[in-house]
Amino acid sequence: LPSMAEIKSISFSYLRDNEEMIVQSIGDIEKVATKLTPDNLVKALGGSSGHSSVRYVNKENLTEEFFKKAEASFDDPWMYIIISDTGSAASEIIGSITRREYNHASLSFDKELETILSYNGGQNIYPPGMNAELIIHFHQKEDASILIYRIRATKEQKEVILNQIRRINEEGSAYNMMGLVTKKSYKPNIMFCSQFVYRMLQTADLAYFEKSPGQVRPTDFIELDYRRNLEFVKEIKFS
C-alpha cells in the first residue's frame with residue numbers, strides 16, 4: 001500500500017475542493033465499498049511488489065524479444081485495441097467506479113496478440129506499471145471475455161508508439177491507482193490502463209476522440225467512436 005509520505009503528497013485541499021466531483025466519480029459508495037476489500041486492494045496494488053503512485057517502481061521489464069516481435073508487425077497496417085472483462089481485483093475496483101462491465105484496455109501491434117501490453121498489476125511477477133500481457137491473464141473469472149478492435153496505422157505511426165513504449169520501459173513506470181479517483185498523474189509514466197492506451201494513440205496522431213487522458217475509461221474507446229474509426233475483429237469468451 002502507499003506509504004504515509006505518498007499519501008501526504010496528495011493535496012488535501014484538492015480533495016476538499018473537489019469533493020463533489022470525487023463522490024460523483026465513484027458513484028454508489030456502498031457498491032464501491034464492497035469491492036475495496038483488503039484482499040482486492042492487495043491484489044490490485046501488486047501485493048508486496050512495491051506499488052507507488054508517486055515514483056517509478058517498474059523498469060526494463062519488456063524484453064528485446066518483445067520489441068523484435070513488435071517491429072516485425074510494422075507491415076501489418078493496424079494497431080489493435082483490446083477491451084476486456086477479466087474479473088481481476090483491479091478490474092473489480094475500476095468497475096465499481098466506472099459502472100461498466102469491461103474495465104481493462106490494452107494495445108497490441110499484431111493480430112495474434114503476441115505483443116499485447118498495458119498498465120497492470122504485474123501478475124505478482126513484475127511490479128505494477130507497464131507490462132506485457134498474456135491472454136491467459138485475462139481469464140480470472142468464469143465468464144471473462146475480451147473484445148478485439150483494430151485501427152488503421154501506418155508503419156511510421158506504429159514506430160512512434162513503439163519508441164514511446166521503449167522510452168517508458170527505460171525510464172520506469174508505475175500503476176496510477178490513486179489517479180482513478182484524483183484523475184491526476186504525479187509523474188509522466190504513472191498511468192492506468194486506459195490512460196496509457198489513449199496517450200499512445202495520441203502520440204501517433206491516432207486518437208479519435210477528445211478527452212483528458214486521466215478521464216478516459218476503457219469503454220470510451222468503443223462508446224466514443226462516433227466516426228467508426230475502429231473495426232471490430234472478434235470476441236473471445238473464456239467460458
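Residues numbered from 1 in each chain as written. Predicted model: local features only at pLDDT ≥ 70, side-chain atom pairs only at ≥ 80, totals over all residues. Heavy atoms only, no water.

1. Observations regarding the pattern of salt bridges
Here is step 1 of the chain: Applying the stated criterion across every chain, the model contains 9 salt bridges.
Here is step 2 of the chain: Residue arginine 166 is joined to glutamate 64 by a salt bridge in which the shortest nitrogen-to-oxygen separation is 3.1 Å. Of this pair, arginine 166 sits in helix 8 (residues 155–171) while glutamate 64 sits in helix 6 (residues 64–72), and the two are 102 residues apart along the sequence.
Here is step 3 of the chain: Glutamate 64 sits in the partly exposed class, given a relative accessible area of 46%. (Salt bridge = Lys/Arg side-chain N within 4 Å of Asp/Glu carboxyl O. Helix = DSSP H or I, 4+ residues; strand = E, 2+ residues; numbered from the N terminus. Buried < 20%, exposed > 50% of the residue type's maximum accessible area, 1.4 Å probe, protein only.)

2. A look at the packing of helix 8 against helix 10 (residues 193–203)
Here is step 1 of the chain: The N-to-C vectors of helix 8 and helix 10 enclose an angle of 130 degrees; their axes lie 8 Å apart at closest approach. Between helix 8 and helix 10, the crossing angle belongs to the class labelled oblique. As for how helix 8 packs across helix 10, the hand of that crossing is right-handed. Residue-level inspection shows Val160, Ile161, Gln164, Ile165 and Ile168 of helix 8 in contact with helix 10, the latter providing Phe196, Met200 and Thr203.
Here is step 2 of the chain: Taken together, the residues of the contact of helix 8 with helix 10 break down into 6 nonpolar, 2 polar and no charged. (Axes fitted to C-alpha atoms, helices over the stretch in contact; angles between N-to-C directions. Parallel < 35°, antiparallel > 145°, perpendicular 65-115°, else oblique. Left-handed = near helix turned anticlockwise from the far one by under 90°. Contact = heavy atoms within 4.5 Å. Nonpolar A, V, L, I, M, F, W, Y, C, P; charged D, E, K, R; others polar.)

3. Here's the deal with the packing of helix 6 against helix 8
Here is step 1 of the chain: Where helix 6 meets helix 8, the closest approach of the two axes is 11 Å, and the angle between their N-to-C directions is 170 degrees. The orientation of helix 6 with respect to helix 8, classified from their angle, is roughly antiparallel. Side by side, helix 6 and helix 8 meet where Glu64, Phe66, Phe67, Ala70 and Glu71 of the first sit next to Leu162, Ile165, Arg166 and Asn169 of the second.
Here is step 2 of the chain: The residue inventory of the contact of helix 6 with helix 8, partitioned by class, reads 5 nonpolar, 1 polar and 3 charged.

4. What to know about the side chain of glutamine 157
Here is step 1 of the chain: By the element assignment, glutamine 157 lies in helix 8.
Here is step 2 of the chain: Judged by its relative accessible area of 18%, glutamine 157 falls in the buried class.
Here is step 3 of the chain: Of the polar contacts made by the side chain of glutamine 157, one reaches the backbone nitrogen of threonine 154; its length is 2.9 Å.
Here is step 4 of the chain: Ignoring any residue separated from it by four or fewer positions in sequence, one finds glutamine 157 in contact with Arg152, Ala204, Asp205 and Leu206. (Polar contact = N/O pair within 3.5 Å; in protein donor to acceptor, adjacent residues only side chain to side chain.)

5. Focus: the side chain of serine 194
Here is step 1 of the chain: Mapped onto the elements of the fold, serine 194 is located in helix 10.
Here is step 2 of the chain: Serine 194 gets classed as buried once you look at its relative accessible area, which sits at 1%.
Here is step 3 of the chain: Discounting chain neighbours no more than four positions away, the residues touching serine 194 are Ala105, Val216, Arg217, Pro218 and Phe221.

6. Quick notes on helix 10
Here is step 1 of the chain: Counting buried residues in helix 10 gives 8 out of 11 residues, a clear majority hidden from the surface.
Here is step 2 of the chain: The complete set of buried residues in helix 10 reads Cys193, Ser194, Gln195, Phe196, Val197, Tyr198, Met200 and Leu201.
Here is step 3 of the chain: Phi turns positive, to about 55 degrees, at aspartate 205, one or two residues after helix 10.

7. Regarding helix 8
Here is step 1 of the chain: Taking 1.5 Å of rise per residue, 17 residues should cover 24 Å, and helix 8 covers 24 Å from first to last C-alpha, within 8% of that figure.
Here is step 2 of the chain: Directly beyond the C-terminal end of helix 8, a positive phi value near 115 degrees is found at glycine 172. (Expected span 1.5 Å × (residues − 1).)

8. Quick notes on the confidence of the model for the protein chain
Here is step 1 of the chain: The predicted model of the protein chain has a mean per-residue pLDDT of 82, with 72% of residues at 70 or higher.
Here is step 2 of the chain: This model gives residues 1–15 a pLDDT under 50, and the stretch forms 21 contacts once residues within four places in sequence are excluded.
Here is step 3 of the chain: Counted against residues more than four places away or in other chains, residues 25–33, with its pLDDT under 50, gives 10 contacts. (pLDDT = per-residue confidence, 0-100.)

9. A closer look at the environment of proline 218
Here is step 1 of the chain: Considering the arrangement of structural elements, one finds proline 218 in the loop between helix 10 and helix 11 (220–223).
Here is step 2 of the chain: Here proline 218 falls in the buried class, since its relative accessible area comes to 4%.
Here is step 3 of the chain: Taking the C-alpha atoms as reference points, proline 218 and cysteine 193, 25 residues apart in sequence, are found 7.7 Å from one another.
Here is step 4 of the chain: Ignoring sequence-local partners within four residues, the contact set of proline 218 consists of Ile83, Tyr102, Asn103, His104, Ala105, Cys193 and Ser194.

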